[in-house]
Amino acid sequence: MTLLLMAAGSGSRYGKLKQFDELGPKEEFLMEFAIYDAIKNDFEQIVVITKAENVTFLKDYLSERLPEHVKLDVLAQEITDLPSGVTFTGERKKPWGTAHAVWTARDVVKGPFVVINADDFYGQAAYKKAADFMKSDDSAYSLLGYTLKDTLSEHGSVSRGVCKVSGDNLVSVEERLKLVQKGDVVLDEDSELEFTGEEQASMNFWVCRPSIFDKIESEFRAFLKDEDRIANSELYLPFMVQEMLQAKEIEVKCIPSGGDWFGVTYASDKEKAMESLSSKTKQGQYVSPLWN
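> Explain the state of the cysteines here, please?
Under the counting rule described, the total for this entry stands at zero disulfides. The thiol of Cys 163 is not disulfide-bonded; the next cysteine sulfur, from Cys 254, is found 4.6 Å away.

> Honestly, the layout of surface pockets in this entry has me stumped. Any pointers?
With a probe scaled to a water molecule rolled over the atoms, the places where space remains empty come into view. Taken as a whole, the second largest pocket encloses approximately 280 Å³ of empty space. Forming the walls of the second largest pocket are 16 residues, and the residues nearest its centre are Leu 152, Trp 261, Phe 262, Gly 263 and Lys 272. For the lining of the second largest pocket, the secondary structure elements donating two or more residues are β13 (262-263) and α8 (270-282). Considering every element that reaches the lining of the second largest pocket, the biggest residue donor is α8, with three residues. Residue classes in the lining of the second largest pocket are distributed as four nonpolar, six polar and six charged.

> Looking at this model, I keep getting lost on the pattern of salt bridges. Mind explaining?
This structure, assessed with the given rule, holds 17 salt bridges. A salt bridge links Asp 132 to Lys 128; the shortest N-O distance between them is 2.9 Å. Of this pair, Asp 132 and Lys 128 both sit in helix α4 (residues 124-136), four residues apart, roughly one helical turn. Take Lys 128: its relative accessible area is 45%, and that puts it in the partly exposed class. Among the ionic pairs, Lys 253 bridges to Asp 168, the shortest N-O distance being 3.5 Å. Residue Lys 253 is found in strand β12 (residues 252-256), and its partner Asp 168 is found in the loop between β7 (158-166) and β8 (169-182); the two are separated by 85 residues along the sequence. Overall, the relative accessible area of 15% leaves Lys 253 in the buried class. The network of salt bridges with shared partners includes Glu 32, Glu 64 and Arg 65.

> Can you help me understand the packing of helix α5 (residues 211-223) against helix α7 (residues 237-246) in this one?
When two helices pack together, you describe them by how their axes are tilted relative to each other and by the distance separating the axes. α7 packs onto α5 with a crossing angle of 105° between their chain directions and a minimal axis gap of 10 Å. The angle between α5 and α7 places the two elements in the roughly perpendicular class. Contacts between α5 and α7 pair Ser 211, Ile 212, Lys 215, Ile 216 and Glu 219 from the former with Leu 237, Met 240, Val 241, Glu 243 and Met 244 from the latter.

> How should I be thinking about helix α2 (residues 55-63) in this particular structure?
In an α-helix, one turn spans 3.6 residues; hence positions three or four apart end up facing the same way. Of the positions making up α2, those classed as buried are Val 55, Leu 58, Tyr 61 and Leu 62. Around the axis of α2, the buried residues are gathered within 140° of arc, so they sit on the same side. Check the buried side of α2 and you find it contacts α1 (30-40), β2 (45-50) and β3 (71-76).

> Explain the packing of aromatic side chains to me, please; I cannot follow it from the model alone.
Aromatic ring pairs: the centre-centre distance and the angle between the two ring planes describe each pair. All told, the structure shown has 18 aromatic pairs when counted by the stated rule. When the centroid spacing of 5.8 Å and the interplanar angle of 75° are considered together, the rings of Trp 103 and Phe 220 count as edge-to-face. Here Trp 103, found in helix α3 (residues 98-103), pairs with Phe 220, found in helix α5; they are 117 residues apart in sequence, far enough to count as distant. Its relative accessible area of 1% is what places Trp 103 among the buried residues. On the accessibility criterion, Phe 220 (0% relative accessible area) is buried. Following the ring pairs from residue to residue traces out a cluster consisting of Phe 33, Tyr 36, Phe 121, Phe 262, Tyr 286 and Trp 291. For Arg 65, the ring lying beneath its charged end belongs to Tyr 61, and the centroid distance is 3.6 Å. The ring centre of Trp 103 lies 3.5 Å from the NZ or CZ of Arg 106, which sits over that ring.

Cut-offs used in this document
Residues numbered from 1 in each chain as written. Predicted model: local features only at pLDDT ≥ 70, side-chain atom pairs only at ≥ 80, totals over all residues. Heavy atoms only, no water. Disulfide = S-S within 2.5 Å. 1 Å grid on protein atoms, 1.4 Å probe; cavity = no way out; pocket = protein on both sides within 12 Å on 5 of 7 lines; lining within 4 Å. Points joined across faces, edges and corners; volume = space filled by probe spheres on them. Helix = DSSP H or I, 4+ residues; strand = E, 2+ residues; numbered from the N terminus. Nonpolar A, V, L, I, M, F, W, Y, C, P; charged D, E, K, R; others polar. Salt bridge = Lys/Arg side-chain N within 4 Å of Asp/Glu carboxyl O. Buried < 20%, exposed > 50% of the residue type's maximum accessible area, 1.4 Å probe, protein only. Axes fitted to C-alpha atoms, helices over the stretch in contact; angles between N-to-C directions. Parallel < 35°, antiparallel > 145°, perpendicular 65-115°, else oblique. Contact = heavy atoms within 4.5 Å. Arc of directions from axis to C-beta. Phe/Tyr/Trp six-rings, centres within 6.5 Å; stacked < 30°, edge-to-face > 60°. Lys NZ or Arg CZ within 6 Å of the ring centre and 35° of its normal.

The following block contains the structure:
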């Protein structure tokens, strides 16, 4: 089993590269807690997708810390990484998106894998549930969901994918761009829609299969032929999964994570994140220092 961490973002609202902010009790990065939780649940490979300028640093940093039996791959997400036979001669500063970040790992990931954001904390229970799912199901995808009201920020609106579920099957994920708590409801200020807050939200914790790589490549080829999309859009992983789901190419389970999530969207979220990691360490959920 593989854990793939997307760590190529710029952190524009946070004000710095939050993937490398020292939030743990011993100045650990947030992603280190995800890696620790994954390894405790029998993940044997860690793949980190980052910017080219961070590859050497991150590979050296993690290599010194991870157990020897864990395979580590640190890969650069680059604009020039295109499907065979395709060229792009335009100008683009932004990466191609989260689906392209995942596609970057196509040559090193050979089995089921979890995809997460490197700058989010997902809780230990999520990794156990994901591992149990991959061990018991050899074909389906899954999304680990979080209770919507528990994923909001006190410091501003957030964008969340709100899940529509039938039984334990994911039907769709609808992106809501400006969610805030308003009294007893969660309001999307962009659409004026209200939610109870008990809905499952996608925090980009996906269990995927290698079949996703062919889907991304196919969509990427079409994307690169569309000048409007090249100029204004990105390839998003949730859209790829949903297209495969709607075409009945895959089955996607929605699994309540059973854990707590927190992120560091805004710089003001940092103190709360540090307090949470410190508390969890004092409670014995983590050792300190994290790596011996």
